[in-house]
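# Tertiary structure, described
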Amino acid sequence: STWCDVFGYGLNAAQGTAWHRLLNESLAAFAQRHPDRFSFLASVYLPDAAQAARELGHAVTQLGAVGAIVSTNVEGTNLGELPLDELWAAAVELGAPVFLHPTQPTPTPRTRRFALNTIVQYTFDTTLAVGSLVGSGVLDRFPTLSLILAHGGGAVPYLAGRFDCMFERSDHAATGIATASPPSAYLDRMFYDTLLHDAPALRYLTSRVGVDRLVIGTDDGFPPADHDPLGSLRRAGFSKEEIH
């Protein structure tokens, strides 16, 4: 998949649509040259949900994409607060999983130092996106939508109890919470990559969602990459059968 920081959601519709078509055609050409080793996730211009749905359809049916990748925010707005139902509906109809990956190209004032943008901002961007998707009822409207979360789901699994507490105790009209069930009920509806760099954290995630909800993550090409992802699984105590 391509790098979310270059998705250009701030471009106008014509430019953004053309840009993602170029990205998808480029990745498709690469994957087609190495079909025994690579498949690809398509990107789409999220500010136009209808166009995004059409591009995903084209990428899956014509270019061979196996799913989609979207950023966890669009110019600072949470995914669950955007009118993206046309895209979610297309993903369901196509059977295309959607990989949610955080983005914060320009660090915030409080995350400029100590690598906090990479360590904290990115993982909590995923947390905010998932909280907004659950809270706004997207997963209720699209119960078979398949979401893959980067970096072990950010803080979502760890904060499940806090999500549920506020679901039970807050004024839903005031907070905007529209989900039908406590947020933790949706944990095993999503998939999580294994890129946590910590065996106990990975085991905790497994205890919450099950090994069948984990996919291997590498972050290959970036400073937090796991250079031995299978070794990380072995060190976390997974059996050969579980790893398979």
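See the structure printed just above.
So, a few notes on the structure that sits alongside this text. Bear in mind that the values here come from a model prediction, so they are computed numbers and not experimental data. Counting starts from 1 at the beginning of each chain's written sequence and moves along it residue by residue. For a predicted model such as this one, the threshold for reporting local features is a pLDDT of at least 70, and the threshold for listing and counting side-chain atom pairs is 80 or more; totals across whole chains, interfaces and linings nevertheless cover every residue. Side-chain descriptors were evaluated using all non-hydrogen atoms of the structure, hydrogens and water having been removed beforehand.

Let's shift gears to helix α1 (residues 13-33). Relative to the 30 Å expected for 21 residues at 1.5 Å per residue, α1 spans 30 Å between its end C-alpha atoms, a close match to the ideal helical length. Those residues of α1 that fall on the buried side of the exposure criterion are Gly16, His20, Leu23, Asn24, Leu27, Ala28 and Ala31. The arc that holds the buried residues of α1, viewed along the axis, is 130 degrees, so those residues lie on one side. Residues of α1 that are exposed and angled more than 90 degrees away from the buried face: Ala14, Gln32 and Arg33. Secondary structure elements are defined from DSSP: runs of H or I of at least 4 residues count as helices, runs of E of at least 2 residues count as strands, and each element is numbered from the N terminus. Helices are assigned an expected span. That span is 1.5 Å times one less than the residue count. Note on exposure labels: buried denotes an accessible area under 20% of the residue type's maximum, exposed denotes more than 50%, and partly exposed covers the range between, all computed with a 1.4 Å probe on protein chains only. What the arc describes is the spread of directions from the helix axis to the C-beta atoms.

Moving on, we get to unusual backbone geometry. Positioned with a positive phi, His151 is a non-glycine residue whose angle comes to about 55 degrees. Assessed through its relative accessible area of 12%, His151 is described here as buried. The backbone of Asp219 shows a phi angle near 55 degrees, a positive value even though the residue is not glycine. Following the sequence through the fold, Asp219 ends up in the loop between β8 (214-215) and α9 (229-235).

Looking now at the sheet that holds strand β7 (residues 190-193). Pairing is parallel across the open sheet formed by 6 strands, whose spatial order is β1-β2-β5-β6-β7-β8. Looking at the sheet topology across the chains shown, the edges are occupied by β1 (41-42) and β8. Should DSSP find at least two bridges between two strands, the strands are regarded as paired. Bridge count between strand β6 (residues 147-149) and β7: 3 bridges; the pairing is parallel. Of the residues in β7, the one forming a bridge with Ile148 is Phe191.

The subject of this paragraph is empty space enclosed by the protein. Grid spacing is 1 Å over the protein atoms alone, the probe is 1.4 Å, and a cavity is where that probe fits but cannot get out, while a pocket is an open set with protein on both sides within 12 Å along at least five of seven lines and lining residues have an atom within 4 Å of a point. Grid points are joined across faces, edges and corners, and a volume is the space filled by probe spheres set on the points. Evaluation of the coordinates by the stated rule reveals 1 cavity of 30 Å³ or more. If you add up the space inside the largest cavity, you get close to 80 Å³. Every residue along the wall of the largest cavity is listed here: Val130, Gly131, Val134, Val156, Ala160, Phe163, Pro183, Ser184, Tyr186, Leu187 and Met190. Looking at the lining of the largest cavity, the elements with two or more residues in it are α4 (116-135) and α6 (160-169). Of all the elements, α4 adds the most residues to the lining of the largest cavity, at 3 residues. Its residues assigned to classes, the lining of the largest cavity comprises 9 nonpolar, 2 polar and no charged. Each residue is assigned to one class: nonpolar for Ala, Val, Leu, Ile, Met, Phe, Trp, Tyr, Cys and Pro, charged for Asp, Glu, Lys and Arg, and polar for all the others, Gly among them.

Moving on, we get to the packing of helix α2 (residues 49-63) against helix α3 (residues 85-94). Between α2 and α3, the shortest axis-to-axis distance is 8 Å and the interhelical angle comes to 20 degrees. Looking at the two axes, α2 sits roughly parallel to α3. As for the relative orientation of α2 and α3, their crossing is right-handed in sense. Residues Ala49, Ala50, Ala52, Ala53, Leu56, Gly57, Val60 and Thr61 of α2 form the contact with α3, whose own contacting residues are Glu86, Leu87, Ala90, Ala91 and Leu94. Partitioning the contact of α2 with α3 into residue classes produces 10 nonpolar, 2 polar and 1 charged. Note on method: axes are straight lines fitted to C-alpha atoms, helices fitted across the in-contact stretch only, with angles between N-to-C directions ranging 0 to 180 degrees. Roughly parallel covers angles under 35 degrees, roughly antiparallel covers those over 145, roughly perpendicular covers 65 to 115, and oblique covers all other angles. Definitions for this section: a left-handed crossing has its near helix turned counterclockwise from the far helix by less than a right angle. A right-handed crossing has that turn clockwise. Contact between two residues is taken to exist if any of their heavy atoms lie within 4.5 Å; hydrogens are not considered.

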